[in-house]
Amino acid sequence: MFKNKFKTALGVFIWCIGSTVYAQNFKVVLDAGHGAHDFGATRGNYVEKRIVLDVALKVGELLKKDKTIDVVYTRKTDVFLELRERTDIANREKADIFVSIHANAVANAPSASGTETYVMGRSKNASNLEVAKKENAVITLEDDYQTKYAGYDPSRPESLIGLTLMQEQYVLQSIDLASKVQTRFTNDAERRNRGVKQDLFLVLHGAFMPSILIELGFLSNSEEGAYLNSEEGKNELALCIAKAILDYKRQHHSASDEIESKPKKQEPVVAKVEPKKVDTVQEKVVPVAQTSSVDASKPEKVTAAGVTFKVQIAASGNNIGLQPSNFKGLDKISVMKEGTLYKYFYNETTDYEHARKALEVAKNKGYNSAFLVAYKNGKKISIQQAINN
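For clarity, every value in this text was computed on a predicted model and none was experimentally measured. (Residues numbered from 1 in each chain as written. Predicted model: local features only at pLDDT ≥ 70, side-chain atom pairs only at ≥ 80, totals over all residues. Heavy atoms only, no water.)

J.: When you look at helix 9 (residues 231-252) in this model, what are you seeing that I'm missing?
T.: Turn by turn, an α-helix covers 3.6 residues, leaving residues three or four places apart pointing in a common direction. Counted at 1.5 Å a residue, the expected span for helix 9 with its 22 residues is 32 Å, and the 31 Å between its end C-alpha atoms agrees. Counting buried positions along helix 9 yields 17 of 22 residues, so the element is predominantly enclosed. (Helix = DSSP H or I, 4+ residues; strand = E, 2+ residues; numbered from the N terminus. Expected span 1.5 Å × (residues − 1). Buried < 20%, exposed > 50% of the residue type's maximum accessible area, 1.4 Å probe, protein only.)

Okay, structure coming up:
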């Protein structure tokens, strides 16, 4: 009798802990780049450190309207922060995402314009490399930076490869968040979409969560510089970022309250990595031997008509063969192409619990950053929508 009561009490206790964890707010760390004697990009009266601080504060105020979101700023005033301290703040706060906001400028291309969002990764693209060099050069303003960042040369971002790349396990979620930001910029603010890109940014390097670096536009472009410096432009871009964060939270964490706005356009845009042209989405599934599939001995419970779940395990610029040997022994692999980015999925099911078990299998195989995605009648929807459907 006592044993049964103990088991019941223990079960309730564990359930309460689980409920508390699930109920925890979604924490966003907003990082306004540069500050104080580090002005960032400047063109006339257009100063990066001021513009990005204004935008970050506006994003935070919008997000605070959702009571399930906690907002933390790396800076709220014109102060200088070392790059390492910015991600240290995010790590100490145990943030769910880290968003660093910047503005761009180039010397010899006054017509350059548009938004781009970066995630941590390796790229041989020359323009990406120059952006990384510019942002990473901030460390030279720090005291004793040679000792703090031993082995790193800001003029050679590739030297960062020798350090521990903590962002590797979060690259899929980072790309997803970056894509949502770019889509909002394109659809809602009608800005030129320069794409989602990868390079070795020191400010993203030490973050233990999905992290992105946003370039709002070019101060070196007179028209775009004026837009970025205007209240209208800053309000519009802040709203895009806030709504993209809500889009991401809705898919990966929990439902969010809507931020009221009047978007200019509603047509969906497929966010892209690097290329300007978006290819038609194509999908293929190759059946292979059952080597590591989820136990399917029990019939699946259909969640809702037309809804299916998959486990996204990887994203790559390379078209990889779907045999299990290329995916740590996992079978039932499918691939979907968006732009030049190939997204790889494990398993497909109409049962949410079955999908969660598949996610555990993928993580146990070493895909630590794997996550669930849902589709209804072939269209991607959030997990929350799929469950409540």
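J.: Which parts of the structure should I look at to understand the packing of aromatic side chains?
T.: Two aromatic rings are characterised by how far apart their centres lie and by the angle between their planes. Here the structure, examined in full by the defined rule, presents 3 aromatic pairs. Ring geometry for Phe26 against Tyr248: centres 6.4 Å apart, planes inclined by 50°, an arrangement best described as tilted. Of the two residues, Phe26 is situated in strand 1 (residues 26-32) and Tyr248 in helix 9; the sequence distance between them amounts to 222 residues. Ring centres of Phe309 and Tyr352 lie 5.5 Å apart, and the angle between their planes is 55°; this geometry places the pair in the tilted category. Linking Phe309 in strand 10 (residues 307-316) with Tyr352 in helix 10 (residues 352-364), this pair joins segments that are 43 residues apart in sequence. (Phe/Tyr/Trp six-rings, centres within 6.5 Å; stacked < 30°, edge-to-face > 60°.)

J.: It is not clear to me how the pattern of salt bridges should be interpreted in this structure. Could you clarify?
T.: Once the charged atoms of two side chains with opposite charge are near each other, the side chains can pair. Tallied over the full model, the rule gives 16 salt bridges. Asp78 serves as the salt-bridge partner of Lys49, at 2.9 Å between the closest nitrogen and oxygen. Here the residue Lys49 occupies a position in helix 2 (residues 48-63), and Asp78 occupies one in the loop between strand 4 (69-73) and helix 3 (83-92), the gap between them amounting to 29 residues. According to the relative accessible area criterion, Asp78 is partly exposed, its value standing at 44%. One salt bridge in this structure joins Glu353 and Arg356, with 3.9 Å as the shortest N-O distance. Pair noted here: Glu353 and Arg356 are both in helix 10, with a separation of 3 residues, about one helical turn. Taking relative accessible area as the criterion, Glu353 reaches 43% and is therefore assigned partly exposed. Where salt bridges share partners, they join Asp54, Lys58, Glu231 and Lys234 into one cluster. (Salt bridge = Lys/Arg side-chain N within 4 Å of Asp/Glu carboxyl O.)

J.: What exactly am I supposed to notice about the side chain of Lys197 here?
T.: Residue placement: Lys197 occurs in strand 7 (residues 193-199). Under the relative-accessibility criterion, Lys197 is labelled buried at 6%.

J.: Before we go on, may I ask you to explain the packing of helix 6 (residues 171-188) against helix 9 in this structure?
T.: In helix packing, the relevant descriptors are the interaxial angle and the interaxial distance, both defined with respect to the helix axes. One can describe the packing of helix 6 onto helix 9 by two numbers: an axis separation of 8 Å at closest approach and a directional angle of 140°. If you check the angle between helix 6 and helix 9, you find them oblique. Between helix 6 and helix 9 the crossing geometry is right-handed. On the side of helix 6, the interface is formed by Gln173, Asp176, Leu177, Lys180, Val181, Arg184, Phe185 and Asp188, while helix 9 contributes Glu236, Leu237, Cys240, Ile241, Lys243, Ala244, Ile245, Asp247, Tyr248, Gln251 and His252. (Axes fitted to C-alpha atoms, helices over the stretch in contact; angles between N-to-C directions. Parallel < 35°, antiparallel > 145°, perpendicular 65-115°, else oblique. Left-handed = near helix turned anticlockwise from the far one by under 90°. Contact = heavy atoms within 4.5 Å.)

J.: Is there a simple way to explain the nonpolar core in this structure?
T.: General note: in soluble globular proteins, nonpolar side chains tend to be found buried as a group. Formed by 45 residues in total, the largest nonpolar core has its most connected members in Val59, Leu63, Val99, Leu216, Ile241 and Ile245. Secondary structure elements with two or more residues in this core: strand 1, helix 2, strand 4, strand 5 (97-104), helix 6, strand 8 (211-218), helix 8 (222-229) and helix 9. Here this core gets 9 residues from one element, more than from any other, and that element is helix 9. Non-local contacts of Val99, meaning those with residues more than four positions away in its chain, are made with Val29, Leu30, Asp31, Leu177, Ile212, Ile214 and Ile245. Listed in part, the 24 residues of the second largest apolar core include Val307, Ile333, Tyr346 and Ile383. (Core = buried A, V, L, I, M, F, W, Y, C linked by side-chain atoms within 4.5 Å.)

J.: When you look at the sheet that holds strand 7 in this model, what are you seeing that I'm missing?
T.: Pairing between the strands of a sheet is mediated by backbone hydrogen bonds and can be parallel or antiparallel. Here 6 strands make up an open sheet; going across it, the order is 4-1-5-8-6-7 and the pairing mixed. Each edge of the sheet is formed by a strand with only one pairing partner; in this case those strands are strand 4 and strand 7. Neighbour to neighbour, the strand axes of the sheet diverge by 25° on average, direction disregarded. With 5 bridges connecting them, strand 1 and strand 5 associate as parallel partners. Its bridge partner being in strand 5, Asp31 is matched across the sheet by Ser100. Sheet strands touched by helix 6: strand 5, strand 6 (115-120), strand 7 and strand 8. Its angle to strand 6, the strand with the most contacts, is close to 175°. Packed on one face of the sheet, helix 9 meets strand 1, strand 4, strand 5 and strand 8 and runs near 150° to strand 1. (Pairing = 2+ DSSP bridges.)

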